[in-house]
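For reference, the chains in residue letters:
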Amino acid sequence: MKNGVIVAAQPEAAEAGAEVLARGGNAVDAALACAFVQGVVDPQMAGIGGFGSMQVYMPGKGIHEILEFYARAPLACTPDMWVDKLVGQSSDGFGYILEGNISEIGYLAVCTPGSVKGYAHALSHYGTFDWADLIQPAIDYARKGFMVRPHVHWYWSQNQSKAHLANTRDKLAFSQTGREVYFRADGSLKEIGDIVVNREMANTLERLARLGPDDFYHGELAAQIADDFAANGGLIGRKDLAEYALSVTQPLWGEYRGHRISTSPPPGSGISMLQLLHIMENFDVGAMEHGSYDHVRTLAEAIKLMTVDKDLYMGDPLYVDVPVEKLLSRSYCEELARGIADGKRAKVTRLDVSQRETTHISVVDKQGNAVAMTHTLGSPSGAITRGLGFMYNGTMARFDPRPGRASSIAPGKRRASSAAPTIVFKDDRPFVVLGAPGGTYIAPSVAQGLMNVLDFDMSMIEAVSAPRITAVSNAIEVSNRVRRSVTDRLQAEGYEVKRSPTSYPYAALHGIRIDGDACKGAADPQRDGCAYSVT
């Protein structure tokens, strides 16, 4: 390859990864340096209190694997522990709302984190750099501070009370550390351009760099975490941390327009992304005008059908049977497509009465290694152990409190993840490396990004920037750049249409397109990110 490329949603993190590439590190090394910095400069999107998955392709070593370091429900959980506290469900199906928001904010919201073990496994099995070396840029940003960027502030200041969801501002103010770090001296939330210094997080990262990842799961750091949860009514104990296990599995494969596509298997959402592509392959998408009535309506119905199956079947395959072969079969997807062509309308069932806190990294190095990594807090819980500085995930809200369902609560269970880190192959070589943060919007957005390249022959910057839609409920939601003549016709035909006030909504695509031996990357304008090319 003539160059390597890294793309991420935070300039500071992308730069840290680019510097590793420039120093001779491989794609995994760069992704990990980037990931650690993301946990500091976008601390409600990801961090060592979170989890994720990484697709790793290293042709020189014969490696092509999915590393899964998903959060696990505390071992003290029971399937019916919250059944009497259910209030409703977020409109996009991303999570469940309980009385007092107990599964969203505070210590009961937290699942056992997997990120530290995931990062360590990736480095020891695929990387070349020293553990402490990769953490150092993150330590520097935590100690010296980072500047509040527009997307960070937008996320902090969202008002979700009308949706009965806990506001991020309240989560930031939940702990003493949060109040000290994220607020001004007068008690107001820090604004764009303010500097956020987190010395406690810097100390914790320095400790991890010095003592290694085992301290998080078996050492004094694990004891400090467990003691804090016990003191605050949380469910995670020393056994949860000591017995936490990640998994390494093979990619899930699909095909679209003659291109082989590898992505994350259940409990990741690559299956939903592939199902959507398999449905859409029955239509001549490239002959449609992008964003036209036919394009929007066809795509929306396919997304709704994908969503129905996701809600019904998606869960941890160690606990429930996920019918992968059926959902991706050509015959089944052709049947769904015929219904769309015949004018049928799918119905997505939701409880009457979201936040999406994730980030992504795409990397290709000059040796042809490729990494797509999506990691997250699921949603931030607000809980921060005094002296440690990092916020824990709030993933318990993503489990269905009703027993007997694919996504129901169970001790040690991995929650279904929206992540879909993806690589498209052309002539047995990587052609597109793509992924996104964005909760339930990830699968349909990644699929649209791929169709933009494969059907409309867009460059990567065009593909991640083109207007998107989604339909993860019965409404068709559209970017503000979709023509009003299109949505007027849909509404005239009885569709509920929700127009976003923003130009770049619905997940945030970050990808790389490889043509010959040259890579070009692009970051979705929705967030603050960028792509760096390293020669």
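In this text the structure is predicted, and so the values were computed from the model without any measurement.

## A word on the overall build of the chain
Item 1. From N to C terminus, the chain includes 18 helices and 20 strands.
Item 2. In terms of overall size, the chain behaves like a compact globule, its C-alpha atoms giving a radius of gyration of 22 Å where 535 residues would be expected to give roughly 24 Å.
Item 3. By the burial criterion, 65% of the 535 residues in the chain qualify as buried.
Item 4. Carbon and sulfur atoms make up 49% of the accessible area of the chain, which amounts to about 18,400 Å² in all.
Item 5. Across the chain, the mean location of the 53 positive side-chain charges is 2 Å away from that of the 60 negative side-chain charges.

## Examining the pattern of salt bridges
Item 1. A full pass over the atoms with the stated rule returns 23 salt bridges.
Item 2. Of the charged contacts, one joins Arg 386 and Glu 180 as a salt bridge, the two residues approaching to 3.0 Å between their closest N and O atoms.
Item 3. Judged by relative accessible area, Glu 180 falls into the partly exposed class, the value being 46%.
Item 4. Here Asp 457 ties to Arg 513 by a salt bridge, and the two come within 3.3 Å at their closest N and O atoms. Separated by 56 residues along the polypeptide, Asp 457 in the loop between α16 (442–454) and α17 (460–465) and Arg 513 in strand β18 (residues 510–515) bring together distant segments of the chain.
Item 5. Its relative accessible area of 55% is what places Asp 457 among the exposed residues.
Item 6. Residue class for Arg 513 comes out buried when judged on its relative accessible area of 13%.

## Describing the UniProt feature "binding site: L-glutamate" (unreviewed entry) in the chain
Item 1. Listed under "binding site: L-glutamate" (unreviewed entry) in the UniProt record, and renumbered for this structure, are Ser 417, Ser 418 and Gly 439. Spatial clustering of the annotated residues is evident: they stretch over 23 residues in sequence, but the largest pairwise C-alpha distance comes to 8.1 Å.
Item 2. Of note, Ser 418 is situated in the loop between β12 (370–378) and β13 (422–426).
Item 3. Residue Ser 418 is classed as buried on the basis of its relative accessible area, which comes to 12%.
Item 4. Residues within four places of Ser 418 in sequence aside, it is in contact with Phe 94, Ser 269, Gly 439, Thr 440 and Ile 442.
Item 5. Within the structure, the side chain of Ser 418 is placed 3.3 Å from the backbone oxygen of Gly 439, a separation counted as a polar contact.
Item 6. Judged by its relative accessible area of 1%, Gly 439 falls in the buried class.

## Observations concerning the sheet that holds strand β15 (residues 469–470)
Backbone-to-backbone hydrogen bonds join strands into a sheet, with any given pair of strands oriented parallel or antiparallel.
Item 1. What the three strands build is an open sheet, ordered β15-β16-β17; its pairing is mixed. Each edge of the open sheet carries a strand with a single partner, namely β15 and β17 (497–499).
Item 2. Where β15 and strand β16 (residues 476–478) come together, two bridges link them in antiparallel fashion. Bridge assignment links Thr 470 to a residue of β16, and that residue is Glu 477.
Item 3. Docked against the sheet, helix α18 (residues 484–492) engages β16 and β17, running at close to 155° with respect to β17.

## Notes on α18
Item 1. Where α18 is concerned, the buried positions are Val 486, Thr 487 and Leu 490. Projected down its long axis, α18 shows its buried positions confined to an angular sector of 90°, all on one face.
Item 2. Looking at the buried residues of α18, the elements they touch are α13 (293–313), β16 and β17.
Item 3. One or two steps after α18, the chain reaches Gly 494, where phi turns positive at roughly 100°.

## Some thoughts on the UniProt feature "active site" (unreviewed entry) in the chain
Item 1. Residues annotated in UniProt with the feature "active site" (unreviewed entry) correspond here to Thr 358.
Item 2. Of note, Thr 358 is situated in strand β11 (residues 357–364).
Item 3. With a relative accessible area of 6%, Thr 358 lands in the buried category.
Item 4. For Thr 358, the contacting residues outside a window of four places in its chain are Met 45, Thr 374, His 375, Thr 376, Pro 437, Gly 438 and Arg 527.
Item 5. Side-chain polar atoms of Thr 358 contact the side chain of Thr 376, separated by 3.0 Å.

## Here we look at the nonpolar core
Item 1. One finds Met 54, Trp 156, Leu 205, Phe 216, Ile 225 and Val 363 to be the most contacted residues of the largest nonpolar core, which totals 81 residues.
Item 2. When sequence neighbours within four positions are dropped, the list of residues in contact with Val 363 reads Val 5, Ile 6, Leu 21, Ala 27, Ala 30, Ala 31, Asn 369, Ala 370, Val 371 and Ile 512.
Item 3. The next biggest cluster of nonpolar side chains, apart from the first, holds 66 residues, and it includes Leu 305, Val 446, Met 451 and Ile 469.

## Quick notes on the packing of α13 against α16
Item 1. Contact pair α13 / α16: the axes reach a minimum separation of 11 Å and the direction vectors enclose 140°. One finds that α13 runs oblique with respect to α16. For the pair α13 and α16, the sense of crossing is right-handed. Contacts from Leu 299, Ile 303 and Met 306 of α13 reach α16 at Ala 443, Pro 444, Gln 448 and Met 451.
Item 2. Partitioning the contact of α13 with α16 into residue classes produces six nonpolar, one polar and no charged.

## Describing the environment of Thr 204
Item 1. Assignment of secondary structure puts Thr 204 in helix α8 (residues 199–211).
Item 2. Assessed through its relative accessible area of 3%, Thr 204 is described here as buried.
Item 3. Separated by 18 residues in the primary sequence, Thr 204 and Asp 186 place their C-alpha atoms 27 Å from one another.
Item 4. Ignoring any residue separated from it by four or fewer positions in sequence, one finds Thr 204 in contact with Ile 48, Leu 221, Gly 387, Leu 388 and Phe 390.

## Some words on the packing of helix α1 (residues 11–22) against helix α2 (residues 27–41)
Item 1. With their axes 7 Å apart at the nearest point, α1 and α2 run at an angle of 155° to one another. Judged by the angle between their axes, α1 and α2 are roughly antiparallel. For the pair α1 and α2, the sense of crossing is right-handed. Contacts between α1 and α2 involve Glu 12, Ala 13, Ala 14, Ala 16, Gly 17, Val 20 and Leu 21 from the first element and Ala 27, Asp 29, Ala 30, Ala 33, Cys 34, Val 37, Gln 38 and Val 41 from the second.
Item 2. Of the residues assigned to the contact of α1 with α2, the class counts are eleven nonpolar, two polar and two charged.

## Thoughts on the side chain of Ser 408
Item 1. Structurally, Ser 408 is set in the loop between β12 and β13.
Item 2. At a separation of 2.5 Å, a polar atom in the side chain of Ser 408 contacts the main-chain carbonyl oxygen of Arg 402.
Item 3. Within the structure, the side chain of Ser 408 is placed 2.8 Å from the backbone nitrogen of Arg 405, a separation counted as a polar contact.
Item 4. Look past the residues within four positions of Ser 408 in its chain and what remains in contact with it is Phe 399, Asp 400, Arg 402, Pro 403 and Lys 413.

## Examining the environment of Ser 90
Item 1. Looking at the secondary structure, you find Ser 90 in the loop between β4 (86–89) and β5 (96–98).
Item 2. What makes Ser 90 buried here is its relative accessible area of 4%.
Item 3. Sequence spacing of Ser 90 and Pro 323 is 233 residues, and the spatial spacing of their C-alpha atoms is 25 Å.

What counts, and where the lines are drawn
Once a new chain begins, its residue numbering starts again from 1 and follows that chain's sequence as written. Local features in this predicted model are restricted to residues whose pLDDT is 70 or higher, and side-chain atom pairs enter the listing and the counts only when it is 80 or higher, whereas totals over whole chains, interfaces and linings include all residues. In computing side-chain values, all of the structure's heavy atoms are included and hydrogens and water are not. For the purposes of this entry, the term helix denotes a DSSP run of H or I that reaches at least four residues, the term strand denotes a run of E that reaches at least two, and both are numbered from the N terminus. Taken over C-alpha atoms, the radius of gyration is set against a globule rule of 2.2 Å times the number of residues to the power 0.38. Accessibility here uses a 1.4 Å probe with only protein chains present; expressed as a share of the type maximum, an area under 20% marks a residue as buried, one over 50% as exposed, and anything in between as partly exposed. The Shrake-Rupley method, run with a 1.4 Å probe sphere, supplies the accessible areas, and residue values consider only the shown protein chains as cover. Neither His nor the chain ends contribute to the count of charged residues, in which Lys and Arg are positive and Asp and Glu negative. Think of each charge as sitting on NZ of Lys, CZ of Arg, CG of Asp or CD of Glu. Salt bridge, as used here, is a side-chain nitrogen of Lys or Arg placed within 4 Å of a carboxyl oxygen of Asp or Glu. UniProt positions are given in the numbering used here, feature names are shortened, and annotations may be inferred rather than shown by experiment. Residues are treated as being in contact if the distance between any of their heavy atoms lies within 4.5 Å. Polar contacts, as used here, are pairs of N or O atoms within 3.5 Å; protein pairs need one atom able to donate a hydrogen and one able to accept it. Residues neighboring in sequence count only if both atoms are side-chain atoms. In this scheme, strands are said to pair when DSSP sees at least two bridges between them. A fitted line through C-alpha atoms serves as each axis, taken over the contacting stretch for helices, and the angle formed by two N-to-C directions is quoted from 0 to 180°. By arc we mean the arc of the directions from the helix axis to the C-beta atoms, nothing more. As used here, the term nonpolar core means buried Ala, Val, Leu, Ile, Met, Phe, Trp, Tyr and Cys residues forming a set that is joined through side-chain atoms within 4.5 Å. Should an angle lie under 35 degrees it is considered roughly parallel, over 145 roughly antiparallel, and from 65 to 115 roughly perpendicular; all remaining angles are considered oblique. Handedness of a crossing is defined here by the sense of rotation of the near helix relative to the far one, left-handed for an anticlockwise turn of less than a right angle and right-handed for a clockwise turn. Ten residues, namely Ala, Val, Leu, Ile, Met, Phe, Trp, Tyr, Cys and Pro, are considered nonpolar, four, namely Asp, Glu, Lys and Arg, are considered charged, and the remaining ones, Gly among them, are considered polar.

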